[in-house]
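Close look at the chain arrangement
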Amino acid sequence: MDTIYAVASGLQRAGVSIIRVSGEAALLTYKNLTHRPVPVPRQAIFGSFRAPETGKLLDKGMVLFFEKPNSFTGEDVIEYHVHGGTAVVRGFLDVLSRQPDCRLAAPGEFTRRAFENGKMDLTAAEAVADLVDAETEAQRVQALDQLGGGLARLYEGWAEKLKKILAHQEAEIEFPEEDMPKQVSEKLRPEITTLIKEIRQHMDDGHRGERLRNGVLIAILGAPNAGKSSLLNALARRDVAIVSEEAGTTRDVIEAHLDLGGYPVILADTAGLRATESKVEAEGIRRARKLADESDIKVLLFDSTQAPDPETIAMIDTSTIVLMTKSDLPTAGAFAFQTAIKISAKTNDGIDALLKTLTEKVSTLFTPRNGPSLTRERHRLALDETIIALERSLAAILPELAAEDLRLSLRSLGAITGTVHVEELLDRVFKDFCIGK
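Structure report, in brief. This is a predicted model, so every value here is computed, not measured. (Residues numbered from 1 in each chain as written. Predicted model: local features only at pLDDT ≥ 70, side-chain atom pairs only at ≥ 80, totals over all residues. Heavy atoms only, no water.)

**What to know about the packing of helix H9 (residues 228-236) against helix H12 (residues 351-363)**
Following both chains from N to C, one finds H9 and H12 inclined at 80°, their axes separated by 11 Å at the closest point. Overall, the two elements H9 and H12 adopt an arrangement that is roughly perpendicular. Two secondary-structure elements touch here, H9 through Leu231, Ala234 and Leu235 and H12 through Ile351, Leu354, Leu355 and Leu358. Considered class by class, the residues forming the contact of H9 with H12 number seven nonpolar, no polar and no charged. (Axes fitted to C-alpha atoms, helices over the stretch in contact; angles between N-to-C directions. Helix = DSSP H or I, 4+ residues; strand = E, 2+ residues; numbered from the N terminus. Parallel < 35°, antiparallel > 145°, perpendicular 65-115°, else oblique. Contact = heavy atoms within 4.5 Å. Nonpolar A, V, L, I, M, F, W, Y, C, P; charged D, E, K, R; others polar.)

**Describing the nonpolar core**
With 30 residues, the main nonpolar core has Ile218, Leu231, Leu235, Leu323 and Val362 as its most contacted residues. When residues of this core are traced back to their parent elements, those giving at least two are strand S7 (216-222), H9, strand S8 (254-260), strand S9 (263-269), strand S10 (297-303), strand S11 (320-325) and H12. If sequence neighbours within four positions are ignored, Val362 has contacts with Val216, Ile218, Leu260, Tyr263, Val265 and Ile297. Listed in part, the 24 residues of the second largest apolar core include Leu151, Leu390, Leu406 and Ile416. (Core = buried A, V, L, I, M, F, W, Y, C linked by side-chain atoms within 4.5 Å. Buried < 20%, exposed > 50% of the residue type's maximum accessible area, 1.4 Å probe, protein only.)

**Digging into the sheet that holds S8**
Pairing is mixed in the open sheet, where six strands are placed in the order S8-S9-S7-S10-S11-S12. A single partner strand is all that each edge strand has here, and the edge strands are S8 and strand S12 (341-342). When S7 meets S9, the two strands line up parallel, connected through five bridges. Along S9, the bridge assignment pairs Ile218 with Leu267. (Pairing = 2+ DSSP bridges.)

**Remarks on H12**
The end-to-end C-alpha separation of H12 is 18 Å, in line with the 18 Å expected for 13 residues at 1.5 Å each. Taken residue by residue, H12 has Ile351, Leu354, Leu355, Leu358 and Val362 as its buried positions. Viewed along the axis of H12, the buried residues span an arc of 100°, placing them on a single side of the element. Away from its buried face, by an angle of more than 90 degrees, H12 presents the exposed residues Asp352 and Lys356. (Expected span 1.5 Å × (residues − 1). Arc of directions from axis to C-beta.)

**Examining the pairing of S9**
Taken across its seven residues, S9 has seven buried, putting it largely inside the fold. Neither face of S9 is left uncovered, since the one carrying Tyr263, Val265, Leu267 and Asp269 and the one carrying Pro264, Ile266 and Ala268 both have all their residues buried. Strand direction decides the pairing type here: S8 and S9, joined by seven bridges, are antiparallel. Each residue of the ladder has a partner; that of Glu255, found in S9, is Ala268.

**Quick word on unusual backbone geometry**
Here the residue pair Lys68 and Pro69 is connected by a cis peptide bond, since its omega of 0° sits within 30 degrees of zero. With phi around 55°, His35 is a residue other than glycine that occupies positive phi space. Here His35 shows up in the loop between helix H1 (26-34) and strand S3 (45-50). Assessed through its relative accessible area of 67%, His35 is described here as exposed. A positive phi angle, close to 55°, is found at His207, a residue other than glycine.

**Things to note about the packing of helix H6 (residues 150-174) against helix H13 (residues 377-395)**
Remark: H6 packs on H13, axes separated minimally by 14 Å, with the N-to-C direction vectors making an angle of 15°. Comparing the axis directions of H6 and H13 gives the class roughly parallel. Read as a crossing pair, H6 and H13 show a hand that is left-handed. Between H6 and H13, the contacting residues are Leu151, Tyr155, Trp158 and Leu162 on the first element and His379, Leu383 and Leu390 on the second. Residue composition of the contact of H6 with H13, grouped by class: six nonpolar, one polar and no charged. (Left-handed = near helix turned anticlockwise from the far one by under 90°.)

**Considering the packing of aromatic side chains**
Inspection of every chain in the model, using the stated rule, returns five aromatic pairs. Summarising the aromatic geometry, the rings of Phe49 and Tyr80 are spaced 5.5 Å apart at their centres and angled 90° between planes, so their arrangement reads as edge-to-face. Placement of Phe49 in strand S3 and of Tyr80 in strand S5 (residues 77-84) is noted, with a sequence separation of 31 residues between them. Phe49 gets classed as buried once you look at its relative accessible area, which sits at 0%. Considering the side-chain rings of Tyr80 and Phe92, the 5.0 Å spacing of their centres and the 50° angle between planes classify their relative orientation as tilted. With Tyr80 in strand S5 and Phe92 in helix H2 (residues 86-97), this residue pair connects regions lying 12 residues apart in the sequence. The class of Tyr80 is buried, set by a relative accessible area of 0%. When its relative accessible area of 0% is taken as the criterion, Phe92 is described as buried. (Phe/Tyr/Trp six-rings, centres within 6.5 Å; stacked < 30°, edge-to-face > 60°.)

**Comments concerning the pattern of salt bridges**
Where charged atoms from two side chains of opposite charge approach closely, those side chains can pair. This structure, assessed with the given rule, holds 26 salt bridges. Between Arg98 and Glu53 there is a salt bridge, with its nearest N and O atoms 2.8 Å apart. With a gap of 45 residues between them, Arg98 in the loop between H2 and strand S6 (102-104) and Glu53 in the loop between S3 and strand S4 (57-66) connect regions that are remote in the sequence. Close ionic contact of Glu109 with Arg103 constitutes a salt bridge, the shortest N to O distance being 2.5 Å. Using a relative accessible area of 29% as the deciding quantity, one classes Arg103 as partly exposed. Bridged by salt links that share partners, the residues Asp2, Glu75, Arg103, Glu109 and Arg113 form one connected network. (Salt bridge = Lys/Arg side-chain N within 4 Å of Asp/Glu carboxyl O.)

This is how it looks when you write it as structure tokens:
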């Protein structure tokens, strides 16, 4: 297998950059670049690095050696801690590219090797990516819990129960004339039913884990010139959307990412809701309505200087927050919503009250629950397949068919943690990782 290398600390300019090398030729790169004996594992040493072909000095820095199997990947790993200038890093990578059996790592390849070498299960590998991408405290906590084996222990526990059930089912098939308990299959039914119930309870979480991982979607909706783009800019504290008095300026969905009380939030500005003959604007309005259906929370804006538009009123439901905008101007006085928050994006009046309300509403989506949460659609689909196979086993007319369905359910469950090795599955899991991880 090739030895791989990559910048593990990112390619941005920094005081120190870490270049990780993993594989059989990792130590050879160290000998070629330093002409020094093998370093003591896990002991940092200082040295000079030179291009093997010319002897030209590349940089001076620290080296750490992690001997297999006690490393992140389970292979020999060398980490070069060099100065983080672009020229230094590029020069170092160029030299490594010419070392025998060495190549640049693919995205997620270090973590993939850790999985393949038994250093972690697939849910922990996914947690590594989530931890790298975490932008809020809640995302960090969830990723660390999964990295610590929370999901794996739950799924492996179910797998052990399934293996025992399957063993008893197959015993009935293999030894029908032996002194086995009568009607083994019927005695297994309560255990299978209980397992189905446990999996359903786990899945009935309101997509809490996926929502936390991907972000709560909040759609900002209202008539043209109700102040949607101004509100987005005020909440994001930067000019994300173009603000204009001309109606229909926003024609596509514009997003901004926020951290509200430690929870990730995606604010989406949308096209103004109205009848229009413009095909482009009509498409923007169609997307706005679609986003309203997909959103977790809707923020509905009503211009307090105008009569309320029926299109926006029709969207009011339990997931909405109603705002009366332009509170710094004289109001029309024709209507008012008792629960509405009065705001002015121009003076920032009411913005703090809105943020408080939004944070409270977002937090209700993440009520505490016992046990770890699902974090990916992949997990949910595999659990669906597990339940379907278990239910089929209960309805099977022959013990051989029941056993086959039990095997299929065990396979679906094993696909989550990676007990079942499927190359296409691994490619899909690791494709979104960054290079160097």
